[in-house]
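Here is how the chains run, residue by residue.
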Amino acid sequence: MADSVRRWVPGGGDRQQPCRWLAARLGLAATLYGGLALQIGALAALAQLDPAWSIPASVTFVMAVQGLSGVAKGLAKMSSKSAVKLLAPAGDGSLFRWVALLTGSKNAIKGAGFFLGAALLALAGFNAAVWGMAAVLTIILIAVILFLPAGLPGRLKADEAWGGWRSGDSRVNRLSLARLFLFGARDVWFVVGIPVYFQSVLSDGTAEGRREAFFLVGGFMALWIIAYGAVQAIAPRLLGPKGQSLEATTRKAVQWSGRLVPIPFLLAGAAAIAGEPTAWLTVTLILGLLAFGFVFAVNSSVHSYLILAFGSAERITRDVGFYYMANAAGRLIGTLLSGLSYQVGGLSLCLATAGTLALANCLAARRLATQ
């Protein structure tokens, strides 16, 4: 839910723009420290939420805090991903393996965090859970300050001109466009369509039934993210032997983007044929979405590698920042289209919209291979 709220914060889709500017001006270490410190501050602020406040005041306050948390996440994620480009061993496919391991473990831990967060809320309560997370992050920040290698690069040279909001490398711009469509395709079904469908199937209409369905759907999504992270981590093995050329990896990225397209279209056809929730449709959706998650994870992992492989060390913070700005824009577009398509045409149109965005991702990726 936090991710969904954060995407609705004004300017939330563009928060990577100031993040990449700060990284280029101050260096990666400073933005990593700043991201962790901002996240601690956001949790401390969230702990001040008062049940006595009105609903509009509470929603406004939570959105503002989540916006700050989104900036913190952007700073930390961009710094860590950019550092891989600068610190990973050169040659023999090491960059791809390190990026896949970092990205996959991050998402697997994110999924596990959903379960941990639910357990903390149930056992310790809201304030204790928030302050506990802030304390753990404080320990992590201290450890990073103490053990991060000195002189981590990433700062823009004093005589280097600012290149505007786009990258000077057309490959980075095309990959970012593909990333926008890729994550739009995921969030079209992920945000509204599938959760609403499963809620209607699993709930018996009572308050207790709705509560049970809510946790079952949330648990499914959390397990999906954990599995998604595990596939991301092994993506280099799925794309071929170690040490293959960048051109070969780019061609395989195009192939995997094409494999994603038919899955949501087939699911949309099944939903249209069923017309209403049925047992066979529910099983088909579960299997189809697991297949979608597998192929999507490979696509996402190879994108994360290509953005670092395409970018030069001198401008890596700008390229990675622009790339994740496109990622956030795709999630915003996917969220908006998810609700709109589900309202207009139900689950079948929602899934067909996801297929259309997946097709757009494939077409954008094909331009990388033809360059």
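Residues numbered from 1 in each chain as written. Predicted model: local features only at pLDDT ≥ 70, side-chain atom pairs only at ≥ 80, totals over all residues. Heavy atoms only, no water.

1. Here we look at the overall build of the chain
Helix and strand counts for the chain come out as 12 helices and 0 strands. Walking the chain from its N terminus toward its C terminus, one meets helices and strands in the order α-α-α-α-α-α-α-α-α-α-α-α. Sequence-distant contacts, at least 24 apart, represent 83% of the contacts inside the chain between residues at least 6 apart. Accessible surface for the chain amounts to roughly 17,000 Å². Of this, 70% is attributable to carbon and sulfur atoms. (Helix = DSSP H or I, 4+ residues; strand = E, 2+ residues; numbered from the N terminus. Contact = heavy atoms within 4.5 Å. Areas by Shrake-Rupley, 256 points an atom, 1.4 Å probe, with all protein chains shown as cover.)

2. What about the packing of aromatic side chains?
Taken as a whole, this structure holds 16 aromatic pairs when the rule is applied. An angle of 85 degrees between the planes, with centres 5.5 Å apart, marks the rings of Phe214 and Phe215 as edge-to-face. On the basis of relative accessibility, which here comes to 45%, the residue Phe215 falls in the partly exposed class. The lysine or arginine in question, Arg186, covers the ring of Phe190, its NZ or CZ lying 5.3 Å from the ring centre. (Phe/Tyr/Trp six-rings, centres within 6.5 Å; stacked < 30°, edge-to-face > 60°. Buried < 20%, exposed > 50% of the residue type's maximum accessible area, 1.4 Å probe, protein only. Lys NZ or Arg CZ within 6 Å of the ring centre and 35° of its normal.)

3. Looking at the pattern of salt bridges
Under the defined criterion, the tally for this structure stands at 2 salt bridges. Across the pair Asp187 and Arg186 runs a salt bridge, and its minimum N-O distance is 2.9 Å. Neither Asp187 nor Arg186 differs from the other in exposure class; each is buried. Across the pair Asp187 and Arg331 runs a salt bridge whose closest N-O atoms are separated by 3.3 Å. Separated by 144 residues along the polypeptide, Asp187 in helix H7 (residues 170–202) and Arg331 in helix H12 (residues 316–370) bring together distant segments of the chain. (Salt bridge = Lys/Arg side-chain N within 4 Å of Asp/Glu carboxyl O.)

4. Digging into the nonpolar core
Side chains of a nonpolar character, in soluble globular proteins, are inclined to be buried together. Core analysis: the largest hydrophobic core is formed by 64 residues, its most contacted members being Leu95, Trp189, Ile194, Trp224, Leu285, Phe296 and Leu308. Among the elements of the structure, helix H4 (55–87), helix H5 (94–123), H7, helix H8 (207–238), helix H9 (246–260), helix H10 (262–274), helix H11 (279–310) and H12 are those that each provide at least two residues to this core. Sort the elements by how many residues they give to this core and H11 lands first, with 15 residues. Contact partners of Phe296, with chain neighbours within four places excluded, come to Leu182, Phe183, Arg186, Trp224, Tyr228 and Leu260. Residues Leu36, Ile40, Leu46 and Val130 belong to the second largest nonpolar core, which totals 14 residues. (Core = buried A, V, L, I, M, F, W, Y, C linked by side-chain atoms within 4.5 Å.)

5. Re the confidence of the model for the chain
The pLDDT averaged across the chain works out to 82; a share of 85% of its residues lies at or above 70. Predicted confidence in the chain is weakest over helix H1 (residues 2–7), with a mean pLDDT of 36, and strongest over H10, with 94. In the predicted structure, residues 20–24 sits below a pLDDT of 50 and forms 25 contacts with residues beyond four places in sequence or in another chain. (pLDDT = per-residue confidence, 0-100.)

6. Quick word on the environment of Leu137
Mapping Leu137 onto the fold places it in helix H6 (residues 126–147). Put simply, Leu137 and Leu43 are 94 residues apart on the chain and 9.7 Å apart in space, counted from C-alpha to C-alpha. With residues up to four places along the chain from it excluded, the contact list for Leu137 reads Leu36, Gln39, Ile40 and Leu43.

7. Some details on the packing of H10 against H11
Running from amino to carboxyl end, H10 crosses H11 at an angle of 170 degrees, the nearest separation of the two axes being 10 Å. One way to sum up the angle between H10 and H11 is to call them roughly antiparallel. Residues Ile263, Pro264, Leu267, Ala270, Ala271 and Ala274 of H10 pack against Trp280, Leu281, Thr284, Leu285, Gly288, Leu289, Ala291, Phe292 and Val295 of H11. Residue composition of the contact of H10 with H11, by class: 13 nonpolar, 2 polar and no charged. (Axes fitted to C-alpha atoms, helices over the stretch in contact; angles between N-to-C directions. Parallel < 35°, antiparallel > 145°, perpendicular 65-115°, else oblique. Nonpolar A, V, L, I, M, F, W, Y, C, P; charged D, E, K, R; others polar.)

8. Things to note about the packing of H7 against H8
Following both chains from N to C, one finds H7 and H8 inclined at 145 degrees, their axes separated by 9 Å at the closest point. Here H7 runs over H8; the crossing is right-handed. Every residue of H8 that contacts H7 at Phe183, Arg186, Trp189, Phe190, Ile194, Pro195, Phe198, Gln199 and Leu202 is listed here: Arg210, Ala213, Phe214, Leu216, Val217, Phe220, Met221, Trp224, Ile225 and Tyr228. The residue inventory of the contact of H7 with H8, partitioned by class, reads 16 nonpolar, 1 polar and 2 charged. (Left-handed = near helix turned anticlockwise from the far one by under 90°.)

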